[in-house]
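# Overview (structure and organization)
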Amino acid sequence: ETNETNETNETNETCVLMCDRLSEDLVGERLISTMKAGKDAARRLGSKVMCLPATAELVCAPLELRCVECLGFDTSKANALRFTAHAKDVPPASTRVWKCEMCSWRNVPQAKACELCRGTQRQRSVVDQHRARRQDSSGWWPLDLDTEAKRAGENGCICRLCGKEQIVCSFDFNEATFEQQCFVLDRTFEAKVLQHCHVNAIAAWWRLRGPSGAIVDTGPEMAGNPLSWPAKRQAVFYLGYEVGVEQDEVLRFRMQFSDEKSRIHFEMLEPRLVDRMGLIKFHIDIVNEKVLEELHSKLDVKTNRLSVDMKNDAGGGSGAPLQKALKRGDKLLTFGPFDLVPDTLTEDVWKRVRDRLERHSSRPKRGDQPIRCTFQHGVFEGTRRWPLPTLCDGAIIPRQPSFFEHFGLSVTSYLALLEWEMQDFVKSHGRCPQILELHCSPVPLLSMCASRQGARAWAVEAIPDLRDLALETVRDYGLEMTFQQPGLANYRFFGGKMPGDPAVRILKPLLSTSMEIGDPKCLDGDRADLVVCRPESGGPLGLDYLETMWHAFEELLKSGGRLVPSTLVVRVMAVEWMPWVDASAESTCYLQPIFGLKHQQVLLEDLKPLTSQATIPIDLTSRLEPDETGELEVHQAGLVTAFALWHEPHSPALPPGKNKGYVTVCFVTPQMVNQGQRIPFHLSIQECELTAALPRSTEEK
């Protein structure tokens with residue numbers, strides 16, 4: 001600091017500034033501004049300044065991180081919960097098109113009732129009327145991409161870098177150009193695509209260089225960097241859309257800095273999103289038998305996709321070449337004037353087309369046109385923009401990685417239990433049960449699996465945006481329930497269901513505790529035979545889930561109906577979790593109990609178990625909140641820093657499983673323990689979530 005007489009204190013000393021403020025979710029936590037402020041303060045003292053690190057480079061790479069498939073169903077709708085919501089002004093309800101909740105028909109603003117089904121418009125809540133602005137959520141999410149890639153295969157997900165890493169900006173703290181570098185707030189960069197993929201995110205990390213050339217890199221090992229920081233997470237920015245791209249294609253992004261270089265907004269400039277959403281198609285005209293035979297030999301009629309490439313000399317209308325060479329995986333959308341359903345181009349159809357070509361070539365008529373086939377590039381499929389969710393103050397989107405395991409193999413135990421209950425119901429009643437799935441999320445996996453096995457299922461989701469995505473998923477597989485056969489047309493010809501067929505009905509968005517029995521389109525006006533609801537995989541068990549199951553057992557089940565599951569088992573174990581030992585980024589977790597953070601989702605394999613497991617059953621048919629006290633026997637000496645707990649469905653039909661996923665870690669005051677010692681714990685609902693803690697008397701000691 002300068003003295004009051006404004007005299008400069010010039011010295012020959014060298015001031016060394018060191019800063020390692022690398023917060024993953026904020027991309028540096030103001031690393032640049034901190035170093036700039038430190039240099040300004042040191043210069044006022046007249047000292048020479050040397051900065052460590054000497055250079056900070058921000059490295060970015062396009063990323064594909066998304067759910068793909070589980071149990072043969074497309075789970076990509078769950079990716080809507082991965083991205084960042086941006087502030088956006090929403091026009092008043094009276095000046096925009098509204099969608100009917102019963103039939104999904106979009107109506108003009110002036111219509112008071114649906115033009116198709118005459119359903120009434122849903123009244124907007126008071127909050128929506130007074131707050132017509134969508135909230136802005138956290139733009140970054142810290143993820144360990146190496147861990148995500150390792151677990152992606154078993155959970156039906158994809159995690160891979162789509163292009164080579166690019167140094168998008170560099171800050172030289174010891175150079176005079178550092179001041180000018182701080183003023184640059186807008187940049188563009190390009191990345192070459194390594195393989196066919198769907199880009200939906202940008203991964204960013206730091207590369208720090210010292211004066212002598214030493215390098216520290218916080219990037220993942222999948223980037224091929226041998227100098228990566230062990231267990232360091234990377235910042236991931238979700239774009240809000242998924243774009244299908246081809247190998248060797250060049251992507252161009254624009255990045256804008258904000259909040260003192262701690263936040264960056266990315267926008268894809270090339271390719272344009274509209275060019276990948278099916279608006280651009282490619283055509284081939286069948287003008288002769290040569291073109292027909294080539295198409296017949298290269299088309300997989302079961303999927304309507306090309307099995308090999310078609311060169312652009314195959315011929316188009318009037319002998320012209322194709323608009324663009326068709327590649328393997330491209331999908332045939334229309335054949336002449338007809339939209340194609342997979343596995344409909346039989347040999348009889350091909351024979352009729354040959355006969356037509358021969359007839360018109362020998363006896364041409366005025367106005368004859370060749371049969372035109374319309375293709376879409378297979379790599380463009382799945383390109384879409386996700387709807388912007390409406391967020392309240394304090395809401396966080398995107399979700400944690402443990403949430404997306406809800407759409408992976410964690411569903412298998414609940415599906416096995418549901419199938420066992422269905423078989424037992426059929427044996428005792430002689431018919432398939434009526435199933436109600438609560439909190440179905442964007443992908444109602446259990447309902448769709450039940451309908452494939454002959455049951456009729458209803459699913460409810462309280463969030464309107466997620467409910468619309470669930471309806472899209474059901475319609476994509478032709479499983480939507482119908483209650484009448486319109487007109488005298490054969491409704492099955494259009495791929496629909498007949499009344500009474502096994503199918504899935506997505507109910508209007510509402511809380512399950514607000515459901516009223518009697519609607520003929522909900523469980524045929526009756527109660528359910530089976531009610532199924534899955535808690536979030538890896539997350540803490542909430543009081544809302546218990547209240548949902550209690551209400552379902554009392555109000556939504558028939559006499560003799562069953563909850564699936566009817567009992568949960570909670571397992572508790574004392575663990576040692578010291579991530580700072582292996583240079584992990586979560587070293588501040590040791591201080592989290594002091595600052596009020598009570599629990600976190602962690603992979604069980606990252607924890608060091610010190611005690612035996614305690615098993616506590618929770619009866620979901622009884623309105624009793626869990627409140628248990630027990631002891632754990634220490635098997636290995638160490639430092640207890642937390643209790644790990646997780647929940648599993650319990651049934652005689654299920655074999656005991658081994659948890660390999662995420663668990664909830666409840667932090668406690670660290671204490672050393674020896675082998676044979678017993679550690680007491682108290683399991684109860686705290687702030688609407690199930691937590692494990694030391695008893696109050698033990699904690700005071």
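Let us look at the structure shown here. (Residues numbered from 1 in each chain as written. Predicted model: local features only at pLDDT ≥ 70, side-chain atom pairs only at ≥ 80, totals over all residues. Heavy atoms only, no water.)

## Notes on the overall build of the chain
When helices and strands are tallied, the chain shows 13 helices and 39 strands. At a minimum sequence separation of 6, the contacts of the chain that also span at least 24 residues come to 77%. With an accessible surface of roughly 35,000 Å², the chain has 50% of that area assigned to carbon and sulfur atoms. (Helix = DSSP H or I, 4+ residues; strand = E, 2+ residues; numbered from the N terminus. Contact = heavy atoms within 4.5 Å. Areas by Shrake-Rupley, 256 points an atom, 1.4 Å probe, with all protein chains shown as cover.)

## Looking at the environment of M277
Looking at where M277 falls in the secondary structure, it is placed in the loop between β18 (263-270) and β19 (282-286). The exposure class assigned to M277 is partly exposed, which follows from its relative accessible area of 38%. Spatially, the C-alpha atom of M277 lies 6.2 Å from that of R384, the residues being 107 residues apart in sequence. Ignoring anything within four residues of it in the chain, the contact list for M277 reads Q376, T383, R384 and R385. (Buried < 20%, exposed > 50% of the residue type's maximum accessible area, 1.4 Å probe, protein only.)

## Considerations on the packing of aromatic side chains
Using the criterion set out here, one finds nine aromatic pairs in the structure. On the basis of an interplanar angle of 20° and a centroid distance of 5.4 Å, the ring pair of F189 and F253 is categorised as stacked. In this pair, F189 is assigned in strand β13 (residues 186-192) and F253 in strand β17 (residues 250-258), connecting sequence segments 64 residues apart. According to the relative accessible area criterion, F189 is buried, its value standing at 8%. Between the aromatic rings of F403 and F407, the centroid separation amounts to 5.7 Å while the plane-to-plane angle is 70°, which identifies the pairing as edge-to-face. You can call F403 buried: its relative accessible area is 8%. On the accessibility criterion, F407 (1% relative accessible area) is buried. Note that R82 overlies the ring of F404, its terminal NZ or CZ placed 3.8 Å from the centroid. (Phe/Tyr/Trp six-rings, centres within 6.5 Å; stacked < 30°, edge-to-face > 60°. Lys NZ or Arg CZ within 6 Å of the ring centre and 35° of its normal.)

## Let's talk about empty space enclosed by the protein
Throughout the structure, instances matching the rule amount to six cavities of 30 Å³ or more. Roughly 120 Å³ of internal volume is contained in the largest cavity. Every residue lining the largest cavity is listed: L65, R82, E148, R151, A152, N155, C157, P401, F404, E405 and Y662. Mapped onto the lining of the largest cavity, the elements with two or more residues apiece are α3 (145-152) and α7 (401-404). By residue number, the principal contributor to the lining of the largest cavity is α3, which donates three residues. Looking at side-chain class alone, the lining of the largest cavity contains six nonpolar, one polar and four charged residues. (1 Å grid on protein atoms, 1.4 Å probe; cavity = no way out; pocket = protein on both sides within 12 Å on 5 of 7 lines; lining within 4 Å. Points joined across faces, edges and corners; volume = space filled by probe spheres on them. Nonpolar A, V, L, I, M, F, W, Y, C, P; charged D, E, K, R; others polar.)

## Things to note about the sheet that holds strand β35 (residues 627-633)
Strand order across the open sheet formed by three strands is β35-β38-β39, with antiparallel pairing between neighbours. The sheet is open, and its two edges are formed by β35 and β39 (689-693), each paired on a single side. Neighbour to neighbour, the strand axes of the sheet diverge by 25° on average, direction disregarded. Relative to strand β38 (residues 678-686), β35 runs antiparallel, the two being bridged by seven bridges. Bridging across to β38, E628 finds its partner in L683. (Pairing = 2+ DSSP bridges. Axes fitted to C-alpha atoms, helices over the stretch in contact; angles between N-to-C directions.)

## Digging into helix α11 (residues 543-556)
Since the α-helix packs 3.6 residues into each turn, any two residues three or four apart lie on the same face. Taking 1.5 Å per residue as the helical rise, α11 with its 14 residues ought to reach 20 Å, and the 19 Å between its terminal C-alpha atoms agrees with that figure. For α11, the set of buried residues is Y545, L546, T548, M549, W550, H551, A552 and L556. Where the residues of α11 are buried, they touch β26 (434-438), β29 (528-532), β30 (557-564), β31 (567-576), β34 (614-619) and β38. (Expected span 1.5 Å × (residues − 1).)

## What about unusual backbone geometry?
At the junction of L52 and P53, the peptide bond is cis and its omega measures out at 5° in the coordinates. The peptide bond linking V564 to P565 adopts the cis configuration, its omega dihedral lying at -5°. Relative to the helices and strands, P565 resides in the loop between β30 and β31. In this structure, S441 is a non-glycine residue whose phi angle is positive, near 65°. Mapping S441 onto the fold places it in the loop between β26 and α9 (445-452).

## Describing the nonpolar core
Within the largest apolar cluster, 55 residues are counted, with the highest numbers of intra-cluster contacts made by L63, Y238, L418, I435 and M448. L507, C533, M549 and A552 belong to the second largest nonpolar core, which has 48 residues in total. (Core = buried A, V, L, I, M, F, W, Y, C linked by side-chain atoms within 4.5 Å.)

## Examining the pairing of strand β22 (residues 331-335)
Note: β22 against strand β24 (residues 371-376), four bridges, orientation antiparallel. Paired with L332 across the strands is F375, a residue of β24. Pairing of β22 with strand β23 (residues 338-339), which is carried by two bridges, proceeds in the antiparallel orientation. For F335, the partnering residue across the bridge sits in β23 and is F338. Between β22 and β23, which pair antiparallel in sequence order, lie two residues; one of them, G336, sits at a positive phi of approximately 70°.

## Digging into the sheet that holds β26
On the basis of which strands lie adjacent, the open sheet formed by five strands has the order β28-β27-β26-β29-β30 and parallel pairing. What marks the edges here is a single partner per strand, and that holds for β28 (504-506) and β30. For this sheet, the mean angle separating the axes of adjacent strands, direction not counted, is 20°. One ladder, built from three bridges, connects β26 with β29; its direction is parallel. Bridged to E437 within β29 is V532. Strands in contact with α9 are β26, β27 (456-460), β28 and β29; relative to β26, the strand with the most contacts, it is inclined by about 165°.

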